[in-house]
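Here is what each chain is made of, one letter per residue.
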Amino acid sequence: MRIDIVSIFPELVKTVGDFGIARIALERSILELNFWNPRDYCEDSYRRVDDRPYGGGPGMVMQAPPLAAAIRDARSANQGRVIGLSPQGKPLDQTAVEGLASKSALVLVAGRYEGIDQRLLDAEVEEELSIGDYVVAGGELPAMVLIEALVRYLPGVLGNEESAKTDSFSAGLLDWPHYTRPEEFEGKKVPQTLLGGNHNEIRRWRLRHALGQTWLRRPDLLEKKRLSEEEQLLLDEFKEQLKGQEGS
Ligand code: SAM
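Now for a quick tour of the structure. (Residues numbered from 1 in each chain as written. Predicted model: local features only at pLDDT ≥ 70, side-chain atom pairs only at ≥ 80, totals over all residues. Heavy atoms only, no water.)

Moving on, we come to the environment of Leu221. Relative to the elements of secondary structure, Leu221 occurs in helix α10 (residues 219-224). Once the C-alpha coordinates of Leu221 and Glu114 are considered, the two residues, 107 residues apart in sequence, prove to be 33 Å apart. Excluding residues within four positions of it along the chain, Leu221 makes contact with Phe169, Gly172, Leu174 and Thr214. (Helix = DSSP H or I, 4+ residues; strand = E, 2+ residues; numbered from the N terminus. Contact = heavy atoms within 4.5 Å.)

Printed below as a string of structure tokens:
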């Protein structure tokens, strides 16, 4: 996958490729990152990309001309969909990430200051995505969040290809609890079922707890999901077990 990032702080976004799975993806040439700095398209010696807002008020606005030139060059090199990171965009969720991960190229546009001149957004940006209902200072961290989320879906990046499919949200559920050695930690033991080799029992334990975690923490997800007969049974079992623990 090729991702071109338009940002006045390319050095910040580059660090996403210095660690973890994004680094592996870059090393294996599964991911390619390219950067376009609107400051390189400024005609003045101060390389200014912002100006005061028409109508007055606080803050500065990113000007359209240098940003437009950077986006157009990125788009002609990349041919991918142009996505703006914005708190006003569609909330980013796992379904959106999965959909974008199937594309071979994307252009990500990071704003700064009070945001970007609306005429540029209307002309060049095909979709806006938000990483949540809060405002950060620039689109670089949101772009990095999106890149890390996308990389998990690229074939050949995660050690275990199944991993992304069982992550929280992938099947409309939260993930199940995970345990590793030691078998006992400060008096607490790993659930017995996970220590045995019965694959069907382990699968049922995991599904029961994924359903249970979702019911406890994100009931809104369960409302959107149609449960199979087995899932309903396992969720009922989880609730019964919980009642038993509370009563003991
Ligand atoms: N004045 C804007 C507003 O209230 O909608 C916020 C501008 S913000 C300080 C500057 C830039 O940070 C935005 O143009 C956007 O690129 C990025 N940004 C801030 N919060 C974001 C979020 N939740 N999701 C995605 N991008 C965000």
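Further remarks concern the nonpolar core. If you look at the biggest cluster of nonpolar residues, it comprises 30 residues, and the most contacted ones within it are Ile3, Leu31, Leu108, Ile147, Leu150 and Val151. Elements represented by at least two residues in this core include exactly β1 (2-6), α2 (20-27), β5 (81-91), α4 (94-101), β6 (105-110) and α6 (140-151). The dominant element in this core, judged by the number of residues it contributes, is α6, at seven residues. Ignoring any residue separated from it by four or fewer positions in sequence, one finds Ile3 in contact with Leu31, Glu32, Leu33, Asn34, Asn78, Leu106, Leu108, Ile147 and Leu150. Ranked by size, the runner-up nonpolar core spans 19 residues in total, among them Cys42, Met62, Ala70 and Ile116. (Core = buried A, V, L, I, M, F, W, Y, C linked by side-chain atoms within 4.5 Å. Buried < 20%, exposed > 50% of the residue type's maximum accessible area, 1.4 Å probe, protein only.)

When you tally the buried positions in β6, you get six out of six residues, the bulk of the element. Here β6 shows a buried face lined by Ala105, Val107 and Val109 and a second buried face lined by Leu106, Leu108 and Ala110. Of the pairings in the sheet, the one linking β1 to β6 comprises five bridges and is parallel in character. Within β6, the residue paired with Asp4 across the bridge is Val107. With five bridges connecting them, β5 and β6 associate as parallel partners. Looking at the pairing, Leu85 lines up with Ala110 of β6. Traced from β5 through α4 to β6, the parallel crossover comes out right-handed. (Pairing = 2+ DSSP bridges. Right-handed = clockwise from strand over helix to strand, strands pointing away.)

The subject of this paragraph is the side chain of Ser7. Of note, Ser7 is situated in the loop between β1 and α1 (10-14). Polar side-chain contacts of Ser7 include one of 2.8 Å to the backbone nitrogen of Phe9. At 2.7 Å, the side chain of Ser7 forms a polar contact with the side chain of Glu140. Each residue touching Ser7, except ones within four places of it in the same chain, is listed here: Val13, Trp36, Asn37, Pro38, Ala110 and Glu140. (Polar contact = N/O pair within 3.5 Å; in protein donor to acceptor, adjacent residues only side chain to side chain.)

Right, let's talk about the site of the ligand for a bit. Within the structure, the ligand sits among 20 residues, and Leu85, Gln88, Gly111, Glu114 and Tyr134 are positioned closest to it. The contact in question runs from a nitrogen atom of the ligand to an N or O atom on the backbone of Tyr134, over 2.8 Å. In the complex, 85% of the free accessible area of the ligand, which totals 590 Å², lies under the protein chains. Comparing atom positions with the cavity grids shows the ligand to sit within the largest pocket. Counting residues per element, the ones that place at least two in the shell around the ligand are β5 and β7 (127-130). A per-element tally of the shell around the ligand places β5 first, with four residues. A breakdown of the residues in the shell around the ligand according to their chemical character gives ten nonpolar, eight polar and two charged. (Near = heavy atom within 4 Å. Areas by Shrake-Rupley, 256 points an atom, 1.4 Å probe, with all protein chains shown as cover. 1 Å grid on protein atoms, 1.4 Å probe; cavity = no way out; pocket = protein on both sides within 12 Å on 5 of 7 lines; lining within 4 Å. Sits in = over half its atoms within 2 Å of the grid points. Nonpolar A, V, L, I, M, F, W, Y, C, P; charged D, E, K, R; others polar.)

So, on to the pattern of salt bridges. Under the definition given, this model contains 22 salt bridges. Arg204 is the salt-bridge partner of Glu237, the closest N and O atoms lying 3.6 Å from each other. Placement of Glu237 in helix α11 (residues 229-247) and of Arg204 in helix α9 (residues 199-217) is noted, with a sequence separation of 33 residues between them. Notably, a salt bridge pairs Glu240 with Lys243, separated by 3.4 Å at the nearest N-O pair. One end of the pair, Glu240, and the other, Lys243, are both in helix α11, three residues apart, so they sit about a helical turn from each other. Lys243 shares its class with Glu240; the two are exposed. A single network of salt bridges, built from pairs that share partners, joins Arg72, Arg75, Arg81, Glu124, Glu126 and Glu127. (Salt bridge = Lys/Arg side-chain N within 4 Å of Asp/Glu carboxyl O.)

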